[in-house]
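# Coordinates in review
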Amino acid sequence: GEDVEQSLFLSVREGDSSVINCTYTDSSSTYLYWYKQEPGAGLQLLTYIFSNMDMKQDQRLTVLLNKKDKHLSLRIADTQTGDSAIYFCAERGRGSTLGRLYFGRGTQLTVWP
Amino acid sequence: DVKVTQSSRYLVKRTGEKVFLECVQDMDHENMFWYRQDPGLGLRLIYFSYDVKMKEKGDIPEGYSVSREKKERFSLILESASTNQTSMYLCASSTRKMRYNEQFFGPGTRLTVL
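What comes next concerns the included structure. No experiment lies behind these values; they were computed from the predicted model shown.

Secondary structure summary: chain A contains zero helices and eleven strands in total. Listed by position from the N terminus, the elements making up chain A come as β-β-β-β-β-β-β-β-β-β-β. Each of the three principal axes of chain A carries a C-alpha extent, and together these read 45 × 30 × 20 Å. With 113 residues in all, chain A has 46% of them scored as buried. Taking the contacts inside chain A whose residues are at least 6 apart along the sequence as the reference set, 57% of them involve residues at least 24 apart. Carbon and sulfur atoms provide 48% of the accessible area of chain A, an area that totals close to 5500 Å². Charged side chains of chain A number 12 positive and 13 negative; the gap between the two group centres comes to 4 Å.

What follows covers the sheet that holds strand 8 (residues 73-78) of chain B. Residue and element names in this part refer to chain B. Read from one edge to the other, the open sheet built from four strands follows the order 1-3-8-7, with strand pairing classed as antiparallel. If you trace the sheet from one side to the other, it starts and ends with strand 1 (4-6) and strand 7 (65-70), each paired once. Taken pair by pair, the neighbouring strands of this sheet meet at an average axis angle of 20°, ignoring direction. Strand direction decides the pairing type here: strand 7 and strand 8, joined by four bridges, are antiparallel. If you follow K70 over to strand 8, its bridge partner there is R73.

This paragraph deals with unusual backbone geometry. If you check the backbone angles, Q59(A) has positive phi at about 55° while not being a glycine. Note on placement: Q59(A) falls in the loop between strand 6 (55-58) and strand 7 (61-66).

We now examine the pairing of strand 3 (residues 19-25) of chain B. Residues and elements named next belong to chain B. Covered by surrounding structure in strand 3 are V19, L21, C23 and Q25 only, the residues F20, E22 and V24 on the alternate face being uncovered. Direction of pairing for strand 1 relative to strand 3: antiparallel, over a ladder of three bridges. In the strand pairing of strand 3, V4 is matched with Q25.

Each strand in a sheet pairs with its neighbour through backbone hydrogen bonds, running either in the same direction (parallel) or in the opposite one (antiparallel). All names here are of chain A. Taken together, the five strands give an open sheet; going across it, the order is 1-3-8-7-6, and neighbouring strands pair in antiparallel fashion. Here the strands that pair on one side only, and so sit at the sheet edges, are strand 1 (4-6) and strand 6. Neighbour-to-neighbour, the strand axes of this sheet turn through a mean angle of 15°, independent of strand direction. One ladder, built from four bridges, connects strand 6 with strand 7; its direction is antiparallel. Counterpart to K56 in the pairing with strand 7 is V63.

Grouped together as the largest cluster of nonpolar side chains are 22 residues, with contacts concentrated most on W34(B), I46(B), L76(B), L78(B) and Y89(B). Of all the secondary-structure elements, those providing two or more residues to this core are strand 3, strand 4 (31-38), strand 5 (42-51), strand 8, strand 9 (87-94) and strand 11 (109-113) of chain B. Within the second largest apolar cluster, 20 residues are counted, among which are V12(A), I49(A), I76(A) and A85(A).

Here the focus is the pattern of salt bridges. Applying the stated rule across the entire model yields eleven salt bridges over all chains. Among the salt bridges present, the one from D59(B) reaches R100(A), with a minimum N-O distance of 2.6 Å. Remark: R100(A) occurs in the loop between strand 9 (85-92) and strand 10 (102-103) and D59(B) occurs in the loop between strand 6 (54-57) and strand 7; the pair is interchain, linking two chains. Note on R100(A): relative accessible area 11%, which makes it buried. Where K18(B) meets E79(B), a salt bridge forms, and the shortest distance between an N and an O atom there is 3.5 Å. Taken together, the positions of K18(B) in the loop between strand 2 (10-13) and strand 3 and E79(B) in the loop between strand 8 and strand 9 put the pair 61 residues apart, joining distant regions of the chain.

At the junction of the two partners, chain A supplies 21 residues and chain B supplies 26 residues. Contact between chain A and chain B buries roughly 1900 Å² in total, counting both sides, with carbon and sulfur atoms accounting for 55%. Here chain A is connected to chain B by one salt bridge. The tally of links between chain A and chain B comes to seven residue pairs in polar contact (both at pLDDT 80 or more). Per-element accounting of the side of chain A that touches chain B gives the leading share, four residues, to strand 4 (residues 31-37) of chain A. A per-class count over the side of chain A that touches chain B returns twelve nonpolar, six polar and three charged.

Here is what the cut-offs are and how they apply
- Residues numbered from 1 in each chain as written.
- Chains lettered and ligands numbered in written order.
- Predicted model: local features only at pLDDT ≥ 70, side-chain atom pairs only at ≥ 80, totals over all residues.
- Heavy atoms only, no water.
- Helix = DSSP H or I, 4+ residues; strand = E, 2+ residues; numbered from the N terminus.
- Buried < 20%, exposed > 50% of the residue type's maximum accessible area, 1.4 Å probe, protein only.
- Contact = heavy atoms within 4.5 Å.
- Areas by Shrake-Rupley, 256 points an atom, 1.4 Å probe, with all protein chains shown as cover.
- Lys, Arg positive; Asp, Glu negative; His and termini not counted.
- Charge placed at Lys NZ, Arg CZ, Asp CG, Glu CD.
- Pairing = 2+ DSSP bridges.
- Axes fitted to C-alpha atoms, helices over the stretch in contact; angles between N-to-C directions.
- Core = buried A, V, L, I, M, F, W, Y, C linked by side-chain atoms within 4.5 Å.
- Salt bridge = Lys/Arg side-chain N within 4 Å of Asp/Glu carboxyl O.
- Buried area = accessible area lost by both parts, 1.4 Å probe.
- Polar contact = N/O pair within 3.5 Å; in protein donor to acceptor, adjacent residues only side chain to side chain.
- Nonpolar A, V, L, I, M, F, W, Y, C, P; charged D, E, K, R; others polar.

Next comes the structure, spelled out in structure tokens:
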């Protein structure tokens, strides 16, 4: 089945940029997503990118997609303490007609003041 | 405002009890999902449903069953709870009318089985 990998922890200082990386195995992925989970809450969609795009920018967030290497990254500029959360990478394969997504294990981002 | 609600935020049950976790969405979504979340293991899909009375096994269905009698409600059942089912349970829903299939999540139920 599909496999999505990401590192478990990342620590940065407030004001620095954060880069969270993800690799996936399904070359037929159509959409790739970044979800954010704040303490004690469910997941919330942060951003997504369609597979025919290389980059997507939304305010402080930049998503880069390298389809050849099956690599997805999320860059958060000017990281704030409120960005501390778990970030999940997810992908939807071409066969996922029923809306199933495959999630990575999540990266715990800690932002130090 | 889209909403997925779960019946309890915290639940404590004893080994062997039958446990019902309820999830309700108010967005008329066709798809609904149950996940469990454990530290270091991320989200693992237990079951999902793409229509009323329809269900599909996820990656870890053993020890669980589900029921979807109405479109807005998806129940997860632990027939005989065991301590290894202590976990955070997350429900989600999505619609096939949206091309990018965003899943909307509930706040989660933290279940402790003693």
